[in-house]
Amino acid sequence: MTSTNRPTLGIGLVGHAFMGRAHSHAWRSADAFFDLPWRPVLSVLAGRDTERATAAATRLGWANAVGDWKDLLERDDVDLIDICTPGDSHAEIAVAALQAGKHVLCEKPLANTVAEAEAMAAAAERAARRGIRSMVGFTYRRVPALALARNLVAQGRIGAIRHVRAQYLQDWLADPEAPLSWRLDRRRAGSGALGDIGAHIIDATRFVTGETLTGVSALLDTFVTERPLPDGPGNGPVTVDDAALFLGRLSGGGLASFEASRVAAGRKNALRLELNGTRGSLAFDLEAMNELWFHDHTEEPATAGFRRILVTEPQHPYAGRWWPPGHGLGYDHSFTNEIADLVIAIAAGKDPEPTFADGLSVQRVLAAVEASAADAGRWTATTGAQT
Ligand code: SOE
């Protein structure tokens, strides 16, 4: 049982669209499902417009609302700033927050460029010396089946990894008439499918395998180059990729392939990861997120084969915090699990993972992919990549 007179952790959230709603829900529920050492307090929501921020705060459970995120820096009721804005403001907000002594949770991808991500990682390192923590929100690390996959890999259950096959497929841009939004604007989002969802499979691969990508060869494409303006007649330009396809080499010697697309008709949120090792294989699909498929290649061939593990047992990561076996978790639960891990790490004086340095590593892969695609798929090392 958690005690009633625990220290509190005042939260300031920036942004109240999709991610702001997902994070608000997680901040509200984390304390009810986990034994948190510190009690999160939903202090203040910042938006660009005070009226809309006030309406969102009321709906999402925040005590106060402001129309400028800079107000959060001075407030005593804010210990942590949670950044749920488009990528073009991540670096400015995160660096200012860390300098002001606020812990930071920042949505993915960490930044729009390697230079920004480097500045953020450096600020995070300086802040950590003062006990100020930071984390990047690659939330799928907290899906029980992916956390279990990581544990099985670490235990050697699939041996040395030969192949990773990673896909993240969505179809919300399959219709050429789907309107423009900030996610299709390079200045705001940095890149398209690559940074938005490709970043997730890069991080998931790093997380599950414990290995890094040393180099890539890539193709990017934008099939629909202009789309209807959201609030008016006419079209505007799409300045990011619709799809990204790349090959990679893992630090352990294995080969990896990655595909990120927002025009894959019929695929809604299909983050799929398959790993083949010397002793077995694992396969996961976010559209069936409570399942992990495991093939143990050391078993008797006559009966060996992929078997479905329903990852809802109390012995599985996070699952015991929620419902009885078989009742299943959804998209929102990974955010609550993430918030719980964050609060526990901060209270313990530890750096929560993934760190800003992890976010920077992903950013270097994104930059290497763009550099490779711009040069006819030339093999490009991820170290030192700058875009
Ligand atoms: C949109 O493509 C999106 O919401 C991403 O931005 C999220 O990171 C992903 O989790 C779901 O899809």
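Remember, it's a predicted structure, so these values are computed and weren't measured experimentally. (Residues numbered from 1 in each chain as written. Predicted model: local features only at pLDDT ≥ 70, side-chain atom pairs only at ≥ 80, totals over all residues. Heavy atoms only, no water.)

K.L.:
For this particular structure, what's the right way to read the overall build of the chain?
P.N.:
Scanning the chain from N- to C-terminus turns up 10 helices and 17 strands. For the chain, the C-alpha radius of gyration of 21 Å lies close to 21 Å, the compact-globule estimate for 387 residues. Taken over the C-alpha atoms alone, the chain extends approximately 60 × 55 × 40 Å along its principal axes. Across the chain, every contact between residues at least 6 apart in sequence was considered, and the portion connecting residues at least 24 apart equals 69%. For the chain, the accessible area works out to roughly 16,300 Å², and carbon and sulfur atoms hold 51% of it. In the chain, 39 side chains carry a positive charge and 46 a negative one; their mean positions are 3 Å apart. (Helix = DSSP H or I, 4+ residues; strand = E, 2+ residues; numbered from the N terminus. Rg over C-alpha atoms; globule rule 2.2 N^0.38 Å. Contact = heavy atoms within 4.5 Å. Areas by Shrake-Rupley, 256 points an atom, 1.4 Å probe, with all protein chains shown as cover. Lys, Arg positive; Asp, Glu negative; His and termini not counted. Charge placed at Lys NZ, Arg CZ, Asp CG, Glu CD.)

K.L.:
Whenever I open this one, the environment of alanine 56 confuses me. Can you help?
P.N.:
With respect to the helices, strands and loops of the structure, alanine 56 is situated in helix H2 (residues 50–60). Owing to a relative accessible area of 10%, alanine 56 belongs among the buried residues under this scheme. Along the chain, alanine 56 and tyrosine 331 lie 275 residues apart, while their C-alpha atoms are 21 Å from each other. The contacts of alanine 56, once residues within four sequence positions are left out, are His16 and Leu45. (Buried < 20%, exposed > 50% of the residue type's maximum accessible area, 1.4 Å probe, protein only.)

K.L.:
Sorry, what's going on with the sheet that holds strand S15 (residues 291–296) here?
P.N.:
Backbone-to-backbone hydrogen bonds join strands into a sheet, with any given pair of strands oriented parallel or antiparallel. Overall, mixed pairing links the 9 strands, which are arranged S16-S15-S14-S13-S7-S12-S11-S8-S17 in an open sheet. The sheet terminates laterally at strand S16 (307–310) and strand S17 (380–381), the two strands that pair on one side only. Where strand S7 (residues 161–169) meets strand S12 (residues 255–261), 7 bridges bridge the pair, whose relative direction is parallel. Bridge pairing in S12 links leucine 169 to serine 261. Lying on the sheet, helix H10 (residues 356–373) is in contact with strand S8 (213–221), strand S11 (243–250) and S17; it crosses S8 at an angle near 55 degrees. (Pairing = 2+ DSSP bridges. Axes fitted to C-alpha atoms, helices over the stretch in contact; angles between N-to-C directions.)

K.L.:
Can you walk me through the layout of surface pockets in this structure?
P.N.:
Unoccupied space between atoms shows up once a probe the size of one water molecule is rolled over them. By volume, the largest pocket amounts to about 1,100 Å³. Lining the largest pocket are 49 residues, and of these Ala17, Cys84, Thr85, Pro86 and Trp182 lie nearest its centre. For the lining of the largest pocket, the elements supplying multiple residues, two or more each, are helix H1 (18–33), helix H4 (90–99), helix H7 (186–189), helix H8 (193–209) and helix H9 (331–347). Here the lining of the largest pocket gets 4 residues from one element, more than from any other, and that element is H8. Lining the lining of the largest pocket are residues from two domains, each supplying at least three of them: domain 1 (8–139) and domain 2 (143–331 + 361–381). Each pocket or cavity is described by its volume, and for the second largest pocket that value is around 160 Å³. (1 Å grid on protein atoms, 1.4 Å probe; cavity = no way out; pocket = protein on both sides within 12 Å on 5 of 7 lines; lining within 4 Å. Points joined across faces, edges and corners; volume = space filled by probe spheres on them. Domains from an automatic or database assignment.)

K.L.:
Just checking my understanding: could you explain the site of the ligand for this structure?
P.N.:
Phe18, Lys108, Tyr140, Tyr168, Gln170, Trp172, Arg183, Asp196, Ile197, His200, Asn269 and Tyr331 make up every residue found near the ligand. Here an oxygen atom of the ligand and a side-chain polar atom of glutamine 170 are 2.7 Å apart. In the model, an oxygen atom of the ligand is placed 3.5 Å from a nitrogen or oxygen of the tyrosine 331 side chain. Bound to the protein, the ligand loses 91% of the 300 Å² it would expose on its own. Of the pockets mapped on this structure, the ligand occupies the largest pocket. Ranked by residue count, the leading element in the shell around the ligand is H8, at 3 residues. Of the residues belonging to the shell around the ligand, the class tally is 6 nonpolar, 3 polar and 3 charged. (Near = heavy atom within 4 Å. Polar contact = N/O pair within 3.5 Å; in protein donor to acceptor, adjacent residues only side chain to side chain. Sits in = over half its atoms within 2 Å of the grid points. Nonpolar A, V, L, I, M, F, W, Y, C, P; charged D, E, K, R; others polar.)

K.L.:
Is there a simple way to explain the packing of helix H6 (residues 144–154) against H8 in this structure?
P.N.:
Packed helix pairs are characterised by how far apart their axes lie and by the angle those axes make with each other. Packing of H6 against H8 leaves a shortest axis separation of 7 Å and a crossing angle of 40 degrees. Of the possible angle classes, the one that applies to H6 and H8 is oblique. On H8, the residues that touch Leu146, Ala147, Ala149, Arg150 and Val153 of H6 are Phe207, Val208 and Thr209. Of the residues belonging to the contact of H6 with H8, the class tally is 6 nonpolar, 1 polar and 1 charged. (Parallel < 35°, antiparallel > 145°, perpendicular 65-115°, else oblique.)

K.L.:
What is the right way to read the domain arrangement of the chain from this model?
P.N.:
In many analyses, interface size is given as the accessible surface area lost on bringing the parts together. Assigned domains within the chain: domain 1 (8–139) and domain 2 (143–331 + 361–381). Spacing between the C-alpha centres of domain 1 and domain 2 amounts to 25 Å. In this assembly, 20 residues from domain 1 lie in contact with 23 residues from domain 2. Of all residues in domain 1, the largest losses of buried area upon contact with domain 2 belong to Phe33, Phe34 and Phe138, amounting jointly to 31% of the total for that side. Inspection of the region where domain 1 meets domain 2 yields 4 salt bridges. A salt bridge links aspartate 88 to arginine 188; the nearest nitrogen and oxygen atoms lie 3.5 Å apart. (Buried area = accessible area lost by both parts, 1.4 Å probe. Salt bridge = Lys/Arg side-chain N within 4 Å of Asp/Glu carboxyl O.)

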